[in-house]
Amino acid sequence: MFAQKRCVAMLLAGGQGSRLFVLTNKIAKPAVRFGGKYRIIDFPLSNCINSAIDTVGVLTQYRPFELNSYIGNGEPWDLDRMHGGVHILPPYLGAVGGQWYKGTANAVYQNMDFIERNNAEYVLVLSGDHIYKMDYNKMLEYHIANKSDCTIAVLEVPLEEASRFGIMNANPDGSIYEFEEKPAKPKSTKASMGVYIFNKEKLSNYLEADEQDESSANDFGKNVIPAFLKGGERLFAYPFDGYWRDVGTIGSLWEVNMDLLKEKPELDLYDNNWKIYYRHNPAHPQYLGEKAIVKNSLVGDGCEIDGCVENCVLFEGVKIAEGAKVKNSVIMDKVTIEAGAKINYCIVDAETNIGSEVQIGMGAKGAADVSVIGGGLRINSRVVIDNAAIIGEDC
């Protein structure tokens, strides 16, 4: 048995992210790029190590190769440890057979031996597809102080948006008496963030019961949390008041990137007291040509800009030729944009080439109009692409 760990994190990172369309055709959603140099999964991993939680199981399934390669031995997040560290946990074949993860609860159930080996008293369950900074240790202390069996992080949302979330109805002391999944008429505005802390023994018992229930969807929100409530366990809502975004759609991914360009961003990526760690290549200098214009933009290492860039997030190695104009867009690693191209409200995935005089999104005005160009493509010269287009092949 490993040395005892007070709390082990189980990071659910196997989602397909189908609403991100071509951006997740070849990679898992947590591996999607964000903010000029990060991947989405950098945020929960950084939160863990900043919260002194140094044992993390990453549960992968859909298109795991790039995500697994990116995480590697965990060194960028100080999770390359002999006792603890980060561990990739894919579905596996056991002595009595094997199966894909059937749901979030089943994924953790299949890896209870990992939790047992670390002799953890508490289990932190996380989603790998949210952008936020959070001290999980403070949530753990809240969990212990309330003698809770399950603690759920909640965020106050506007009442008109509450029906989009799982809503926790709680007493004044924070104890939860009811959970409603996307209620048509919500009774409160406490939205679940998909961050849970469980007492290990109770979690093990309920996951075993859930596994035996053939009618269950094997999901924490749909099945396990309601079972805890029905069983009379102590559940508490942990209030979180920081920046948190679900980047499950093209519009939300674009908006979160654009949030970084505000004069005073809510999400501070330059806070030395709570760093967001990431795997990075050796830095290369940026180049701005004599006629280059760059306004209100993040520009990654190694970018070469001779054109006009306004209100954009550019990742490493982007090349923008003279006469090209790129506005309100997210341009990922090693994209080349040739002379005279005009791009507006667009996400361009890595290693794509945009030909000369191409026009994308010329009539676009907001997040609903954002177009997406997949990675590794060639968009030929003078092609015109409408608003909100999804392009997954050369054209």
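Residues numbered from 1 in each chain as written. Predicted model: local features only at pLDDT ≥ 70, side-chain atom pairs only at ≥ 80, totals over all residues. Heavy atoms only, no water.

## Let's talk about the overall build of the protein
Right, on to step 1. Within the protein one finds eight helices and 33 strands.
Right, on to step 2. Its C-alpha atoms give the protein a radius of gyration of 22 Å, near enough to 21 Å, the size a compact globule of 395 residues would have.
Right, on to step 3. A buried classification covers 55% of the 395 residues belonging to the protein.
Right, on to step 4. Taking as baseline every contact in the protein between residues at least 6 positions apart, the subset at least 24 positions apart corresponds to 59%.
Right, on to step 5. Here the protein has roughly 17,800 Å² of accessible surface; of this, 48% comes from carbon and sulfur atoms.
Right, on to step 6. Of the side chains in the protein, 40 bear a positive and 52 a negative charge, and the two mean positions are spaced by 2 Å. (Helix = DSSP H or I, 4+ residues; strand = E, 2+ residues; numbered from the N terminus. Rg over C-alpha atoms; globule rule 2.2 N^0.38 Å. Buried < 20%, exposed > 50% of the residue type's maximum accessible area, 1.4 Å probe, protein only. Contact = heavy atoms within 4.5 Å. Areas by Shrake-Rupley, 256 points an atom, 1.4 Å probe, with all protein chains shown as cover. Lys, Arg positive; Asp, Glu negative; His and termini not counted. Charge placed at Lys NZ, Arg CZ, Asp CG, Glu CD.)

## Overview of the pattern of salt bridges
Right, on to step 1. Taken as a whole and assessed by the stated rule, the structure comprises 22 salt bridges.
Right, on to step 2. Across the pair glutamate 66 and arginine 39 runs a salt bridge whose closest N-O atoms are separated by 3.0 Å. Of this pair, glutamate 66 sits in helix H2 (residues 65-71) while arginine 39 sits in strand S3 (residues 38-39), and the two are 27 residues apart along the sequence.
Right, on to step 3. Among the residues examined, glutamate 66 registers a relative accessible area of 26% and is labelled partly exposed.
Right, on to step 4. One salt bridge connects glutamate 233 with lysine 202, and the closest N-O pair in it is separated by 2.7 Å. Of this pair, glutamate 233 sits in the loop between helix H7 (220-230) and strand S14 (235-240) while lysine 202 is found in helix H6 (residues 200-212), placing the two residues 31 residues apart along the sequence.
Right, on to step 5. Three or more residues are tied together by salt bridges with common partners; here these are Arg33, Arg39, Glu66, Asp333 and Asp349. (Salt bridge = Lys/Arg side-chain N within 4 Å of Asp/Glu carboxyl O.)

## What to know about the sheet that holds strand S18 (residues 298-299)
Right, on to step 1. On the basis of which strands lie adjacent, the open sheet formed by six strands has the order S18-S21-S24-S27-S30-S33 and parallel pairing. Each edge of the open sheet carries a strand with a single partner, namely S18 and strand S33 (390-391).
Right, on to step 2. Sheet analysis places strand S30 (residues 371-373) next to S33, joined by two bridges and oriented parallel. The partner of valine 372 across the bridge, within S33, is isoleucine 390. (Pairing = 2+ DSSP bridges.)

## A closer look at the packing of aromatic side chains
Any pair of aromatic rings gets described here by the distance separating the centres and the angle formed by the planes.
Right, on to step 1. Scanning the model with the defined rule gives 13 aromatic pairs in all.
Right, on to step 2. A ring pair is formed by phenylalanine 34 and phenylalanine 43, whose centres lie 5.6 Å apart and whose planes are at 70°; its orientation type is edge-to-face.
Right, on to step 3. Residue classification places phenylalanine 43 among the buried positions, given a relative accessible area of 0%.
Right, on to step 4. An aromatic cluster of at least three residues, connected via ring pairs, comprises Tyr196, Phe198, Tyr206, Phe220 and Phe228.
Right, on to step 5. Here arginine 39 stacks its cationic end above the ring of tyrosine 70, 5.0 Å away from the centre of that ring. (Phe/Tyr/Trp six-rings, centres within 6.5 Å; stacked < 30°, edge-to-face > 60°. Lys NZ or Arg CZ within 6 Å of the ring centre and 35° of its normal.)

## Quick notes on the sheet that holds strand S32 (residues 384-385)
Right, on to step 1. One open sheet accounts for six strands, arranged S17-S20-S23-S26-S29-S32; its pairing is parallel. Edge positions in the sheet fall to strand S17 (293-295) and S32, since each has one partner strand and no second.
Right, on to step 2. Strand direction decides the pairing type here: S17 and strand S20 (residues 308-310), joined by three bridges, are parallel. In the strand pairing of S20, lysine 295 is matched with glutamate 310.

## Observations regarding the environment of serine 46
Right, on to step 1. Tracing the sequence through the fold places serine 46 in helix H1 (residues 42-50).
Right, on to step 2. In this structure the C-alpha to C-alpha distance between serine 46 and lysine 133, which are 87 residues apart in sequence, comes to 8.3 Å.

## A closer look at the layout of surface pockets
With a probe scaled to a water molecule rolled over the atoms, the places where space remains empty come into view.
Right, on to step 1. Of the voids in this model, the second largest pocket is the one considered here, and its volume is about 1,000 Å³.
Right, on to step 2. Element by element, the count of residues in the lining of the second largest pocket is highest for H2, at three residues.
Right, on to step 3. Here the lining of the second largest pocket is composed, by residue class, of 16 nonpolar, 13 polar and twelve charged. (1 Å grid on protein atoms, 1.4 Å probe; cavity = no way out; pocket = protein on both sides within 12 Å on 5 of 7 lines; lining within 4 Å. Points joined across faces, edges and corners; volume = space filled by probe spheres on them. Nonpolar A, V, L, I, M, F, W, Y, C, P; charged D, E, K, R; others polar.)

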